[in-house]
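Topology and contacts: notes
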Amino acid sequence: GGVSFAALCRRFGISRKTGYKWRVRFLQGGAEALLDRPRGRGRRCNQTSTNLEAVVVACRKQHPTWGPRKLHRRLENLGRKNLPAVSTFARILRREGCIAPSESLVRQPCQRFARAEPNELWQMDFKGHFGLQRGGRCHPFTVLDDCSRYLVGLHACADEQGATVRQHLERIFTRYGLPDSILCDNGAPWGGIAEHTALTVWLLRLGVQVIHGRPRHPQTQGKDERFHRTLQTDLLARHDWRDLVQAQRRFHVYRQLYNHQRPHEAIDLNVPAARYRPSARSLPPRLPVAEYASGTLVRPVKSKGEITFRNRFIYVGRAFIGLPVALHPLAADGHYRLCYAAFTLGLIDLSTPTARPKGHYHSLLPFDPMCNP
């Protein structure tokens, strides 16, 4: 009352143009019309289509643990053309609330090491077991190719016994052939660096080198451990589990998805099946017995798992009972390398006289193929 509109605009520090704009809005829509409005233009001509955005979000909901790179490659594999950049996929997921900012901070690239060819090295282990609704527990047994990340085995087991592992490995070897070596940890039923089990001796007789990771160092089997985390988030945590039959059926479906559909970031977003090929070494119908060149020091492993050499008892392991082992002299006097076939079991040091009582066993010095050539 009594004050001009221009004076009011000067009093509140705005231009007359802005003042008149707000006055018109108020007269047309009341107080709600004075709320802030979007400053941007309408939909840009080069903006990602709403249809494609819906496809990206739907694919993410189908695979909630897949990031923008995997989703981008998956849509490419399905025949989608002219897809926007991976960063656009990331913005779509963030805008739809599918990616938490904290997750982006921990998903940083890391340095990876892998064998050059498929079947040079497999990693095998048991994933942590879980209970079943109809009683008992499921022990997921996993076998992963180090080079291609191809999952050659995923089995729902009732226990973690050596006989169970051998049964599944026989099926895997029949289908995919024999690897050059297998990496496992130091728990049951794999044994350890200092002691072989019936399972690992069976592998040695097949010509498969057994490598044990460092004790209390799961990073040695990092690829299989990482797969266990993927298996947990992708499958195990998303279902209720009735019995082993249902578990194995779901494991089979997931193994097909993991090998043939899921892009893997460690192999340039290829699927593992694109990089894997079966081994040329097939499973023999009978276990071969080691043969050694003439002149080699060969000793049979006796009934308590020992051999006798230079009037000493040297403990090799009960798993080798009845099998011949060889002793190869080293450069240092009194030092030997004990082998079964082409595989070193341990080292023997007989350079110092023994004061131990008769019948006392000498132990092998550990030989780790991860550290010793």
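Coordinates for the structure precede this section.
Residues numbered from 1 in each chain as written. Predicted model: local features only at pLDDT ≥ 70, side-chain atom pairs only at ≥ 80, totals over all residues. Heavy atoms only, no water.

**A few points about unusual backbone geometry**
What counts, and what does not: What counts as a helix is a DSSP run of H or I of at least four residues, what counts as a strand is a run of E of at least two, and both are numbered from the N terminus.
For the peptide bond that leads from Ala 188 to Pro 189, omega is 0 degrees, which places it in the cis range. Locating Pro 189 in the fold gives a position in the loop between β5 (181-184) and α8 (198-205). The phi dihedral of Arg 149 falls on the positive side, at around 65 degrees, and the residue is not glycine. Counting through the fold element by element, Arg 149 comes out in the loop between β3 (137-145) and β4 (151-157).

**Some remarks on the pattern of salt bridges**
The following threshold applies: When a carboxyl oxygen of Asp or Glu lies within 4 Å of a side-chain nitrogen of Lys or Arg, that pair is called a salt bridge. Three labels apply to residues, based on accessible area from a 1.4 Å probe with only protein chains included: buried if under 20% of the type maximum, exposed if over 50%, partly exposed otherwise in between.
On inspection of all chains with the given rule, the structure shows 12 salt bridges. Across the salt bridge formed by Arg 281 and Asp 180, the nearest N and O atoms sit 3.7 Å from each other. Taken together, the residues span a long stretch of sequence, with Arg 281 in the loop between α10 (244-260) and β7 (297-300) and Asp 180 in the loop between α7 (162-176) and β5 at a distance of 101 residues. Residue Asp 180 is classed as partly exposed on the basis of its relative accessible area of 40%. A salt bridge links Arg 275 to Asp 268; the nearest nitrogen and oxygen atoms lie 3.3 Å apart. Through salt bridges with shared partners, a single ionic network connects Arg 69, Lys 70 and Glu 265.

**Some points on the pairing of β3**
Quick note on the threshold: Two strands pair if DSSP finds at least two bridges between them.
The buried count for β3 comes to 8 of 9 residues, which makes it a mostly enclosed element. Note that strand β1 (residues 122-126) and β3 share 5 bridges and pair antiparallel. If you follow Phe 126 over to β3, its bridge partner there is Phe 141. Where strand β2 (residues 130-131) folds back onto β3 in an antiparallel hairpin, the turn is made up of 5 residues, including Gly 135, whose phi is positive at roughly 100 degrees. Examined bridge by bridge, β3 and β4 share 6 bridges and lie antiparallel to one another. Counted as the bridge partner of Pro 140 is Ala 156 from β4.

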